[in-house]
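Remarks on the overall topology
Listed below are the residues making up each chain.
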Amino acid sequence: MSAASTETSEGSRVLFKGAPGVGWMEAGPINGGDPDPKKQGKVTVKYDRKELRKRLALEEWIIDHLIALYDCGALTQHKDPLQITAAVLLLQSAEVLLSFTQAGMVLLSVLTPVLALILCLVLGFMLVQSWGSEATSTEKNKGATKGDFRPWVDQDLQDDTEVGAEGEDDWVDSREVEDLAHVPYSPPRYPEETMQQRSKDFYTLMNQRRSVRFISPEPVPRRVIDDVILTAGTAPSGAHTEPWTFVVVSDQETKSQIRNIVEEEEEMNYRQRMGDKWVNDLAKFRTNWIKEYLDVAPYLILIFKQTYGILPNGKKKTHYYNEISVSISCGILLAALQNVGLVTVTSTPLNCGPQLRLLLKRPANEKLLLLLPVGYPATDATVPDLKRKSLNEIMVHI
């Protein structure tokens, strides 16, 4: 926008400097000649012709209204320089305001597509997140047959029970634990020949272990089960926290309730949650959601992991690597059962953990990891004719 200048000669005029070659504009028609350069102070901004015509027309409109508003015609008759200067300043202010307004419009017109794009991206991201959450929820509740949906990963352990507000004062301070004494350790050391024979005998014993779904109702001595559980309790654990609870069920009514809960969820698993691929992979083992062994076996052992410990004073104790520790304990438990001639089948029924925990009155810090029916094999028991991998397939020696 051009700056305004004044002239105090006869017929004083308010002049605007246009683009080169266009001439000067006064409060009236455009004059082709230049005024006395000694009496002007000019600031020149170049515009293209179309833009200039639009701006000149707007300036004329502003000038006409200002002349009418401030009676600039009367000012020119009285030739009062102070009043003329005031009018000129008003015109300059109007032009500056117009410049900022137009600059703002130009900036807004440039930024509008960018802002619109950003808004679209944000909305799109929110929609994708929403669809993803709905899809995950649908798969959890109704099941899916897609190959990338893996409901068996941790869902048998999933238990979102609220434990309650936890503060720093609820947890035991490790500095409060007394120092642990260390004692000498001297396990028996066998001759090489004895070691080889013992390792071979133990492998032969464990190689006979099979998952058996046909279990006899014949009673098993309770003391044997106690010793098996004690053996499982010898497993290593993170910071020796021993984060396991073995719930042994022999009550017939409780076993029947457990079976009802498991079969109800397992039917939904087979029909909806697991998907065709998983069901087809299990077909050769002739399994389904009917679990007769759950109320036939003399004992059910349910292994819970303790996500944290609760001390007698009510404070909580951190259980490091609790799931890995309990899993090692389960492996030793299977070996101990095999050692005494009992059979079992490792069962991890999906989505049964919370119901079974409540049925067995276990606290919220315990989550179900494994369910084992335990007993003698039935006289007509059968197992799939499976082959195990060779040593070269499971071991890498470096």
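What this report covers is the structure whose coordinates are included nearby. Each chain carries its own residue numbering, running from 1 in the direction its sequence is written. It should be noted that, the model being predicted, local features are given only for residues of pLDDT at least 70 and side-chain atom pairs only at 80 or more, the latter also being counted only at that level, while totals for whole chains, interfaces and linings use all residues. No hydrogens and no water enter the side-chain calculation; it runs on all heavy atoms of the structure.

1. Re the overall build of the protein chain
We apply this condition: Under the scheme used here, helices are H or I runs from DSSP no shorter than 4 residues and strands are E runs no shorter than 2 residues, and both carry numbers assigned from the N terminus. Only protein chains enter the area calculation, which uses a 1.4 Å probe; residues under 20% of their type maximum are buried, those over 50% are exposed, and those in between are partly exposed. Contacts between residues were defined by any pair of non-hydrogen atoms, one from each residue, lying within 4.5 Å. The Shrake-Rupley method, run with a 1.4 Å probe, gives the accessible areas here. Residue values count only the displayed protein chains as cover.
On a plain count of helices and strands, the protein chain comes out with 11 helices and 9 strands. Here the protein chain, with 398 residues, has 33% of them falling under the buried criterion. Put simply, 77% of the contacts in the protein chain that link residues at least 6 apart link residues at least 24 apart. If you sum the accessible surface of the protein chain, you get close to 26,300 Å²; carbon and sulfur atoms cover 57% of it.

2. Focus on the sheet that holds strand β6 (residues 299-306)
Applied cut-off: A pair of strands is treated as paired once DSSP finds two or more bridges between them. Geometry is summarised by axes, namely lines fitted to C-alpha atoms with helices restricted to the contacting stretch, and by angles between N-to-C directions that run from 0 to 180 degrees.
Ordered by their spatial adjacency, 3 strands build an open sheet running β5-β6-β9, and the pairing between neighbours is antiparallel. Each edge of the open sheet is held by one strand with a lone partner, namely β5 (244-249) and β9 (366-374). Each neighbouring strand pair of the sheet contributes to a mean axis angle of 20°, computed without reference to strand direction. Across the sheet, helix α9 (residues 322-339) lies against β5, β6 and β9, angled at about 155° from β6, the strand it touches most.

3. Side note on the pairing of β9
Burial within β9 is extensive, with 9 of its 9 residues counted as buried. When β6 meets β9, the two strands line up antiparallel, connected through 8 bridges. Across the sheet, residue Leu302 finds its bridge partner in β9, namely Leu371.

4. Observations concerning the nonpolar core
To keep things clear, this is the line we draw: Residues grouped as a nonpolar core are buried Ala, Val, Leu, Ile, Met, Phe, Trp, Tyr and Cys residues, joined through side-chain atoms within 4.5 Å.
Core analysis: the biggest nonpolar cluster contains 22 residues, and Ile225, Phe246, Ile301, Ile303, Leu333, Leu372 and Val374 have the highest contact counts within it. Looking at this core, the elements with two or more residues in it are α5 (222-232), β5, β6, α9 and β9. Residues contacting Ile225, with those up to four places away along its chain left out, are Val220, Val248, Tyr299, Ile301, Leu342 and Val374. Residues Leu300, Phe304, Val345 and Leu360 belong to the second largest nonpolar core, which totals 20 residues.

5. Focus on the packing of α5 against α9
To describe two helices that pack against each other, one gives the angle between their axes and the distance between the axes. Keep this limit in mind: If you view the pair so one helix is near and one far, a crossing is left-handed when the near helix is turned anticlockwise from the far one by less than a right angle, and right-handed when it is turned clockwise. Only Asp, Glu, Lys and Arg are considered charged in this grouping, and only Ala, Val, Leu, Ile, Met, Phe, Trp, Tyr, Cys and Pro are considered nonpolar; every other residue, Gly among them, is considered polar.
At a minimum axis distance of 8 Å, the contact between α5 and α9 shows a crossing angle of 145°. Of the two elements, α5 crosses α9, and the hand of that crossing is right-handed. Of the residues in α9, those touching α5 at Val228, Ile229, Thr231 and Ala232 are Ser329, Ile332, Leu333, Ala336 and Leu337. Classifying every residue of the contact of α5 with α9 by side-chain character gives 7 nonpolar, 2 polar and no charged.

6. A short note on the environment of Pro384
On the secondary structure map, Pro384 appears in the loop between β9 and α11 (391-394). Separated by 172 residues in sequence, Pro384 and Val212 place their C-alpha atoms 9.5 Å apart.

7. Thoughts on the pattern of salt bridges
Keep this limit in mind: In what follows, salt bridge is the name for a side-chain nitrogen of Lys or Arg lying within 4 Å of a carboxyl oxygen of Asp or Glu.
A full pass over the atoms with the stated rule returns 7 salt bridges. A salt bridge links Asp226 to Arg222; its shortest N-O distance comes to 3.0 Å. In this pair, Asp226 and Arg222 are both assigned in helix α5, 4 residues apart and thus about one turn of the helix distant. Taking relative accessible area as the criterion, Asp226 reaches 26% and is therefore assigned partly exposed. With its nearest N and O atoms 2.8 Å apart, the salt bridge here joins Glu366 to Arg362. By relative accessible area, Arg362 is classed as partly exposed at 25%. Overlapping salt bridges, with partners in common, bring together Arg259, Glu263 and Asp295 in one network.

8. Description of the side chain of Arg259
Relative to the helices and strands, Arg259 resides in helix α6 (residues 252-273). The exposure class of Arg259 is buried, given its relative accessible area of 18%. When sequence neighbours within four positions are dropped, the list of residues in contact with Arg259 reads Ile290, Lys291, Glu292, Leu294 and Asp295.

9. So, unusual backbone geometry
In this structure, Ala239 takes a positive phi of about 55° despite not being glycine. Structurally, Ala239 is set in the loop between α5 and β5. For Ala239, a relative accessible area of 57% translates into the label exposed. Even without a glycine there, the phi angle at Lys361 is positive, about 60°. Inspection of the secondary structure puts Lys361 in the loop between α10 (353-359) and β9. Here Lys361 falls in the exposed class, since its relative accessible area comes to 71%.

10. Focus on a positive patch on the surface
Here is the rule: A patch is a set of surface residues, each over 30% in relative accessible area and not in a salt bridge, joined within 9 Å for like charges and within 5 Å for the nonpolar side chains Val, Leu, Ile, Met, Phe, Trp and Tyr. Working convention for charge: Lys and Arg count positive, Asp and Glu count negative, and His plus the chain ends are omitted. The atoms used to mark charge sites are NZ of Lys, CZ of Arg, CG of Asp and CD of Glu.
A surface patch of positive charge is lined by Arg49, Lys50, Arg53 and Lys54. For Lys50, the position within the fold is in helix α1 (residues 49-70). The class for Lys50 is exposed, based on a relative accessible area of 64%.

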